[in-house]
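Per-entry structural report
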Amino acid sequence: MVDILKMRPFRRKKSKKQLPVKVITFDSELEFHLEHRATGQFLFELVCQTIGLRETWYFGLQYEDSKGNLSWLKMDKKVLDQSVNSASDGKCVFMFYAKFFPENVNEELVQEITQHLFFLQVKQGILSMDIYCPPEASVLLASYAVQAKYGDYDEENCKPGLLASENLLPQRVIDQYQMTPRMWEDRIKIWYSDHKGMSRDEAEMEYLKIAQDLDMYGVNYFPITNKKNTELWLGVTAMGLNIYEKNNKLQPRTTFQWSEIRHIGFDDKKFTIKPVDNKSPNFIFISQKLRINKLILDLCVGNHDLFMRRRKPDTMEIQQMKAQAKEEKQRRQIERNKLSREKQLREQAEREKANLEQRLLQLQDEMQNASEALRRSEEAAEIYAEKSRVNQEQMILTEHKAHTFKQEMNRLRETALKTEKEKGDLEKRIRDTEFYVAKLTEEKEKRSAEADKLKKELIYARTAEREATQKLLSFLSRSVNQSSVEPSISGSDVTESQLLEIELCHYDVISGGDMEELDREIEKERVECLEKSKQVQHQLRELRSEIELLKIQENQCVLDIINAEQLRQGETKYSTLKKLKSGSTKSRVAFFEDL
């Protein structure tokens, strides 16, 4: 009974780190159909329809047979006739893997779901160390993986330790350097912040474009021996067959392109490849098991078919898929541009809101200061009024004393007339009294001057109070007028429908452009790609030199030493393959037999 299908990225060997598994459960009617009549092709098409995949020629279903070996599901045979190992509950488990790889992911992968599946599979292959990746390249790939998962870099949300908890780097890379997880995180963030504005599918495509340049990308390795019984590795790739030494899976010793191969076949454990050149000898190697020969033949036939298919004009189905993908990409670009404009408007509104709030706080402070100044003016006016009242009372008291002394002087004068004897004393008293009266008069005038001064100060205080009151009233009226004006965030007189109309018109111009304009765009993209590639290579060299001092030499594996030697000699995956292709088929076969 088949009722559960598990799909997860491909790994050439079992790994402890599992990616999320998608489970599809079939109903009873479909179970009956699978159990009695379903072929591998029927089940495979059912899976592709479920996930919306149209580029089906890259993928296959893998299962574990009754002997514990991993095998690919044959499309022309019934599912239950292929020795599928069933679980204890009678259910069969199939893994949805990429069986074949494209030569150029940017040109060949059309659907977004296809790109995503390849991204998951290649990423898992690098993290599980099935695909060798240099340390500096693994940091760059990790930054694209983070961009694809979290979107644009945000310093507020990307808190320290967030990326350190993610599985982003191969354990082999982490063990090679005396660096903490925080140090690796800081270096990933440097590149992560440069990817701002990149969507998920763009980040995944950049990841794949870098990963396809790795030496072990897209290579299926099989142990073989030559006529001298030398243990070697056979690498089946999208371009052809590579021969590797036992301890070196990075640099092939010789290679055979599919265009150079006329026929492939095997007899028991003996595998024979006939070249196109009839004068060249056959390429013969020995594998350990018949099952491996069948798997090698299956992969060779599939890769050869795709190799020849790429060199022919696109079919109607491919053209349709590319057209739909282009329309979808342009639609998403329009939506991203619209979202970007809305985001900019929202940020502008938030900035204006913050400015208004800041202005409001400033006005509130000014109003508070004005109120405080008014209160102080009122207190000063009250103090001046109290002083004026006290001076007025003192002036009245002084006038009363002066009047009393005048009465006393008059009385003394009358007494002086009564007696001549007392005249001298009386005159003296009168002089004293006049002196005292003069002094009191002077004091009175002084008090009067102080009273006048206090009156002037009181008048000045009341004038200041009126001015402060008028200033406060004017300030309050101005604040009310400003708050009644609503800020307008239009940004443009063009409505959104007009913007959309402009974008659609631009889309029509693009789709209706002539071939010359398309060639110019392609050339422009090529130049930009080359400049970006040079920039990435420069960044990789800087990172490599930066972490070189922290390297632990004892933890270097054989592949690390080989990769370091390649870098020293300036060799790459493509330069090595180009050099190996330069010789004749006959010389390469002879070289293989002499290994």
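Things to note about the overall build of the chain
When helices and strands are tallied, the chain shows 16 helices and twelve strands. Within the chain, contacts between residues separated by at least 24 positions form 68% of all contacts whose residues are at least 6 apart in sequence. In the form shown here, the chain has an accessible surface area of approximately 35,900 Å², with 52% of it arising from carbon and sulfur atoms.

Quick word on the pairing of strand E5 (residues 95–98)
Judged by which residues are buried, E5 turns out to be covered on both faces: Met95 and Tyr97 on one side and Phe96 and Ala98 on the other are all buried. Of the pairings in the sheet, the one linking strand E3 (residues 59–64) to E5 comprises four bridges and is antiparallel in character. In the strand pairing of E5, leucine 61 is matched with phenylalanine 96.

Re the sheet that holds strand E4 (residues 70–72)
Pairing is antiparallel in the open sheet, where three strands are placed in the order E4-E3-E5. Each end of this open sheet is capped by a strand with a single partner; those strands are E4 and E5. Ignoring strand direction, the axes of neighbouring strands in this sheet form an average angle of 40 degrees. Running over the sheet, helix H4 (residues 112–127) touches E3 and E5 and is turned about 95 degrees from E5.

Remarks on the environment of aspartate 268
Looking at where aspartate 268 falls in the secondary structure, it is placed in the loop between strand E10 (261–267) and strand E11 (270–275). Looking at aspartate 268, the relative accessible area reads 47%, which means it is partly exposed. Contact partners of aspartate 268, with chain neighbours within four places excluded, come to Leu290 and Asn293.

Side note on the confidence of the model for the chain
Confidence along the chain averages 78 in pLDDT terms, with 82% of residues attaining 70 or more. Predicted confidence in the chain is weakest over strand E1 (residues 4–7), with a mean pLDDT of 32, and strongest over H4, with 93. Below a pLDDT of 50 lies the segment residues 1–30, which in the model reaches 88 contacts outside its immediate sequence neighbourhood of four places, other chains included. With pLDDT under 50 throughout, residues 483–512 is counted as low confidence; its partners more than four residues away or in other chains account for 16 contacts.

Brief notes about the nonpolar core
The biggest cluster of nonpolar side chains holds 95 residues, and the ones touching the most others in it are Phe59, Phe94, Phe96, Val122 and Ile126. Residue contributions to this core peak at nine residues, all from helix H5 (residues 135–150). When neighbours within four sequence positions are excluded, valine 122 is seen to be in contact with Phe101, Ile131, Tyr207, Leu208, Ala211 and Tyr217.

A few points about the layout of surface pockets
Space inside the second largest pocket adds up to approximately 880 Å³. In terms of lining residues, the second largest pocket is bounded by 32 residues, among which Ser71, Trp72, Leu73, Lys74 and Asp298 are the most central. Going through the elements one at a time, E3, E4 and helix H9 (290–310) are the ones with two or more residues in the lining of the second largest pocket. The element best represented in the lining of the second largest pocket is H9, accounting for nine residues.

Notes on the packing of H5 against helix H8 (residues 200–211)
In contact at an axis separation of 8 Å, H5 and H8 are set at 160 degrees when each is read in the N-to-C sense. Considering the angle they form, H5 stands roughly antiparallel to H8. Relative to H8, H5 is oriented so that their crossing is left-handed. Judged by residue contacts, Leu140, Leu141, Tyr144, Ala145, Gln147 and Ala148 of H5 engage Arg200, Ala203, Glu204, Glu206, Tyr207, Ile210 and Ala211 from H8. Here the contact of H5 with H8 is built from residues that sort into nine nonpolar, one polar and three charged.

Notes on the side chain of aspartate 201
For aspartate 201, the position within the fold is in helix H8. Residue class for aspartate 201 comes out buried when judged on its relative accessible area of 12%. A polar atom in the side chain of aspartate 201 sits 3.3 Å from the side chain of arginine 332. In this view, aspartate 201 contacts Glu112, Gln115, Arg332 and Arg336; residues no more than four positions away in its chain are not counted.

A few points about H8
Owing to its 3.6 residues per turn, the α-helix aligns residues three or four sequence positions apart on the same side. With twelve residues, H8 extends 16 Å from end C-alpha to end C-alpha; this agrees with the ideal 16 Å at 1.5 Å per step. Burial within H8 is extensive, with nine of its twelve residues counted as buried. Where H8 is concerned, the buried positions are Asp201, Ala203, Glu204, Met205, Glu206, Tyr207, Leu208, Ile210 and Ala211.

A look at the environment of threonine 272
Secondary-structure assignment places threonine 272 in strand E11. Classification of threonine 272 by relative accessible area gives buried; the value is 18%. Counting along the chain gives ten residues from threonine 272 to asparagine 282, while the straight-line C-alpha distance between them is 6.6 Å. Leaving out residues up to four positions away in the same chain, threonine 272 has contacts with His263, Ile264, Gly265, Phe266, Asn282, Phe283 and Ile284.

Calculation rules
Residues numbered from 1 in each chain as written. Predicted model: local features only at pLDDT ≥ 70, side-chain atom pairs only at ≥ 80, totals over all residues. Heavy atoms only, no water. Helix = DSSP H or I, 4+ residues; strand = E, 2+ residues; numbered from the N terminus. Contact = heavy atoms within 4.5 Å. Areas by Shrake-Rupley, 256 points an atom, 1.4 Å probe, with all protein chains shown as cover. Buried < 20%, exposed > 50% of the residue type's maximum accessible area, 1.4 Å probe, protein only. Pairing = 2+ DSSP bridges. Axes fitted to C-alpha atoms, helices over the stretch in contact; angles between N-to-C directions. pLDDT = per-residue confidence, 0-100. Core = buried A, V, L, I, M, F, W, Y, C linked by side-chain atoms within 4.5 Å. 1 Å grid on protein atoms, 1.4 Å probe; cavity = no way out; pocket = protein on both sides within 12 Å on 5 of 7 lines; lining within 4 Å. Points joined across faces, edges and corners; volume = space filled by probe spheres on them. Parallel < 35°, antiparallel > 145°, perpendicular 65-115°, else oblique. Left-handed = near helix turned anticlockwise from the far one by under 90°. Nonpolar A, V, L, I, M, F, W, Y, C, P; charged D, E, K, R; others polar. Polar contact = N/O pair within 3.5 Å; in protein donor to acceptor, adjacent residues only side chain to side chain. Expected span 1.5 Å × (residues − 1).

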